[in-house]
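Inside the fold
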Amino acid sequence: KDGSLFVIKKSLNKGDNSHIDNIYKNYMNAKSIKSDINLLEVFKCDEYIYSYFLDGILLYDKLFDIYEKKDINHLKFEIENFIKKFFSYPEIQFRQTDEFKKIFGEFEFGENIKSFVISNIDMIPSNFIFRDEDVFLIDLEWMFNFPIPKKYILFRFILNLNFLNNKNHELK
């Protein structure tokens, strides 16, 4: 279509589009929240969803390039700056819901634990694309409409900067 590239997601289970329907529902819910992070527009057809292919630079690649230059101060600055933007979603007080317990189990948490209004546990560096000055979140599959502690989401974000697992790095 007009020379544009698309990303298409469709169910491998013929006749069961519940996963695809859920991704589209996640997109519609996330679209209603004000944030500094842009979402790729998602379109729904009967049996699949699609979005335009977004050409840009993965956050992971951007941070890895800085890491390879051994510019630790710049790397730390970029990670901290992104986390400020990453944490711009509206917050609510975390509470363990039945949905949370069903997926994650029951845990003892301290008080004053914050959560996002909508929690996406796959907000990892390889799921963010920079295009010019804009940042886009490209994966909405692991989004939940119940509270999940923000610190868990941040932990997954940092864990997925696996190049920092090198024991010789200087970033603390």
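Everything discussed here concerns the structure shown above.
The structure contained in this document is the topic of the report that follows. (Residues numbered from 1 in each chain as written. Predicted model: local features only at pLDDT ≥ 70, side-chain atom pairs only at ≥ 80, totals over all residues. Heavy atoms only, no water.)

What follows is about the overall build of the protein. Scanning the protein for helices and strands turns up five helices and 11 strands. Oriented by its inertia axes, the alpha-carbon framework of the protein measures out at about 50 × 50 × 30 Å. Each of the 172 residues in the protein was classed as buried or not, and the buried ones make up 37%. If you take every contact in the protein between residues at least 6 apart in sequence, the share linking residues at least 24 apart comes to 70%. Looking at the protein as shown, the accessible area adds up to about 11,100 Å², and 50% of this sits on carbon and sulfur atoms. Across the protein, 24 positive and 27 negative side-chain charges occur, with their mean positions spaced 2 Å apart. (Helix = DSSP H or I, 4+ residues; strand = E, 2+ residues; numbered from the N terminus. Buried < 20%, exposed > 50% of the residue type's maximum accessible area, 1.4 Å probe, protein only. Contact = heavy atoms within 4.5 Å. Areas by Shrake-Rupley, 256 points an atom, 1.4 Å probe, with all protein chains shown as cover. Lys, Arg positive; Asp, Glu negative; His and termini not counted. Charge placed at Lys NZ, Arg CZ, Asp CG, Glu CD.)

Let's shift gears to the sheet that holds strand β4 (residues 48-52). Sheet strands associate in pairs through backbone hydrogen bonding, adopting either a parallel or an antiparallel arrangement. Strand order in this open sheet of three strands is β1-β4-β3, and the pairing throughout is antiparallel. At either end of the open sheet lies a strand with only one pairing partner, and these are β1 (6-10) and β3 (43-44). Pairing geometry for β1 and β4, over five bridges, is antiparallel. Residue V7 lies in a different strand from β4, and its bridge partner there is S51. Each of β1, β3 and β4 is contacted by helix α1 (residues 18-31), which is oriented at about 45° to β4, the strand it contacts most. (Pairing = 2+ DSSP bridges. Axes fitted to C-alpha atoms, helices over the stretch in contact; angles between N-to-C directions.)

Turning our eyes to something else, we now look at unusual backbone geometry. Its identity is not glycine, yet K70 carries a phi of approximately 60°, on the positive side. With respect to the helices, strands and loops of the structure, K70 is situated in the loop between α2 (59-68) and α3 (72-86). You can call K70 exposed: its relative accessible area is 70%. Its identity as a non-glycine residue notwithstanding, D132 has a phi of 60°, on the positive side. Note that D132 resides in the loop between β9 (128-131) and β10 (134-137).

With that settled, consider the side chain of N120. Tracing the chain through its elements places N120 in strand β8 (residues 119-120). A relative accessible area of 1% places N120 in the buried class. Looking at N120, its side chain comes within polar contact range of the main-chain nitrogen of D122, at 2.8 Å. From its side chain, N120 meets the backbone oxygen of D139 in a polar contact 3.1 Å long. Excluding its chain neighbours within four sequence positions, the residues that come into contact with N120 are L137, D139, L140, W142, M143 and I153. (Polar contact = N/O pair within 3.5 Å; in protein donor to acceptor, adjacent residues only side chain to side chain.)

Here we come to α2. Taken together, the buried positions of α2 are L59, L63, I66 and Y67. Each buried residue of α2 lies within a common arc of 105° when the element is viewed along its axis, so the set occupies one face. Here the buried face of α2 lies against β5 (57-58), α3, β9 and α5 (150-159). Count one or two residues on from α2 and you reach K70, which has phi positive near 60°. (Arc of directions from axis to C-beta.)

Bringing the packing of α2 against α3 into the picture now. With their axes 8 Å apart at the nearest point, α2 and α3 run at an angle of 155° to one another. Our classification of the angle between α2 and α3 gives roughly antiparallel. Between α2 and α3 lies a crossing of left-handed hand. Between α2, through L59, K62, L63, I66 and Y67, and α3, the contact on the second element is made entirely by H74, L75, E78, I79 and F82. Split by residue class, the contact of α2 with α3 holds seven nonpolar, one polar and two charged. (Parallel < 35°, antiparallel > 145°, perpendicular 65-115°, else oblique. Left-handed = near helix turned anticlockwise from the far one by under 90°. Nonpolar A, V, L, I, M, F, W, Y, C, P; charged D, E, K, R; others polar.)

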